[in-house]
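Here is what each chain is made of, one letter per residue.
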Amino acid sequence: MAQGAAAERFFSDQGAFHTVAQVASESPGAQHYVGGNAALIGQKFAANTDLQVLLCGPVGPKLHELLDDNVFVPPESLQEVDEFHLILEYQAGEEWGPFKAPHASRFIFSHDLSNGAMNALEVFVSSLEEFRPDLVVLSGLHMLAGHGEELQRKRLLEVVNALSDIPAGVPVHLELASMTDSELMSSVVHQQVFPAVTSLGLNEQELLFLSQAASGPHADLSSWEGVPNVGMVSDILFWILKEHGRSESRASDLTRVHFHTLAYHILATVDGHWANQLAAVAAGARVAGTQACATEAIDASRVTLRAPQEFMTSLSEAGTRVVLDPNKPVEHWRRDGVSFHFTPVLVCKDPVRTVGLGDAISAEGLFYSEAHSATGFE
């Protein structure tokens, strides 16, 4: 909270969690929303009437009621009881004990065993042939943190096997979420999960933790101080694509990383595999401002700029200095076969809700992206 960092943790005491969840759910002021990264991304896609979404995940009666009509849930994914994630939202300046929030954010906790065990994996595989997707979005790997190492390894290997059943040419996007288990993150990076996906979505906490867990650039940094340094972020994104992405010497599908933090977004892509990056990163930044303020369009009186006015494109090697041009809000640079598209975000001053922003950003970015040698999501 002191850093304003969004976080999510597993609540290990099942009885205590269910007691808290029941009291919260039955409270007169309780608000129920669609939850879970995949469901939120699917819900965003479903707002476009031309798209049909298949959601393979544990869906209880309340969640089913809240889902868009364009979201289809296989009968095998329906369950009698909902899984609840409890969200503690806070505004800038709010205090909890000795901690004071520098800006609005949230803390999420759950005792979600169904998502944690990835029980929907088999349903997803069995649905592929009939649904014939143009894009696959995978999330929930962070929920494995509530299980032992043996089950983690087993399910990760099954994820990789499931991804191999997806028809060639269908892009696969992996949305990461808050983790504290470095061994789990290392396994996600090294146990063939990264090479099996086409695209990643992540925020500043997940990016730094990924670099720390896999010995990447700037891994000695304990945490970000204020707005994450653009050069450092760029170095880590470059390392991800160079060390784990597609190349002539490596059998990997990974060619895209969409990074989002409060003040700015960066879309990094391996040259030759994606198009329309400018529109994609701009769309993600736009939805961050409108969704946080709960407005249809950007309201200039309710937003502010927090992105650096100038920055270096790299700190680990000789980068170039970029000075933001208000008439050209998306900056572009290249580095050894990787293209970077950077845009500042119009940050909502008094957000109505921050939860789900990362999922909305990733969904919008994917919606406007065009994958070469694969079906475009136009």
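Up top is the structure.
Let me begin by describing the structure that accompanies this report. (Residues numbered from 1 in each chain as written. Predicted model: local features only at pLDDT ≥ 70, side-chain atom pairs only at ≥ 80, totals over all residues. Heavy atoms only, no water.)

**Side note on the overall build of the protein chain**
Helix and strand content of the protein chain: 12 helices and 20 strands. In the protein chain, which comprises 378 residues, the proportion classed as buried is 52%. Contacts in the protein chain between residues at least 24 apart in sequence constitute 66% of all its contacts with a sequence separation of at least 6. As displayed, the protein chain offers around 17,600 Å² of accessible surface, 50% of which is attributable to carbon and sulfur atoms. Charged side chains of the protein chain number 22 positive and 47 negative; the gap between the two group centres comes to 6 Å. (Helix = DSSP H or I, 4+ residues; strand = E, 2+ residues; numbered from the N terminus. Buried < 20%, exposed > 50% of the residue type's maximum accessible area, 1.4 Å probe, protein only. Contact = heavy atoms within 4.5 Å. Areas by Shrake-Rupley, 256 points an atom, 1.4 Å probe, with all protein chains shown as cover. Lys, Arg positive; Asp, Glu negative; His and termini not counted. Charge placed at Lys NZ, Arg CZ, Asp CG, Glu CD.)

**Quick look at the nonpolar core**
Ranked by internal contacts, the top residues of the largest apolar core, which has 60 residues, are Leu-174, Phe-194 and Ile-240. In terms of residues, this core owes the most to one element, helix α10 (residues 230-244), which gives nine residues. Discounting chain neighbours no more than four positions away, the residues touching Phe-194 are Leu-174, Leu-176, Val-188, Val-189, Leu-200, Leu-210, Ile-240, His-244, Ser-252 and Leu-254. Among the nonpolar cores identified, the runner-up in size contains 16 residues, and Ile-41, Phe-45, Leu-135 and Leu-366 belong to it. (Core = buried A, V, L, I, M, F, W, Y, C linked by side-chain atoms within 4.5 Å.)

**Concerning the sheet that holds strand β17 (residues 331-335)**
The strand order β8-β9-β10-β11-β12-β18-β17 describes an open sheet built from seven strands, whose pairing is mixed. Pairing within the sheet leaves two strands with one partner each, and these edge strands are β8 (136-139) and β17. Taken over all neighbouring pairs, the strand axes of this sheet differ in orientation by 15° on average, direction set aside. Bridging between strand β12 (residues 264-270) and strand β18 (residues 338-344) involves seven bridges; their strand directions are antiparallel. (Pairing = 2+ DSSP bridges. Axes fitted to C-alpha atoms, helices over the stretch in contact; angles between N-to-C directions.)

These results come straight from atomic positions and should not be treated as a statement about function.
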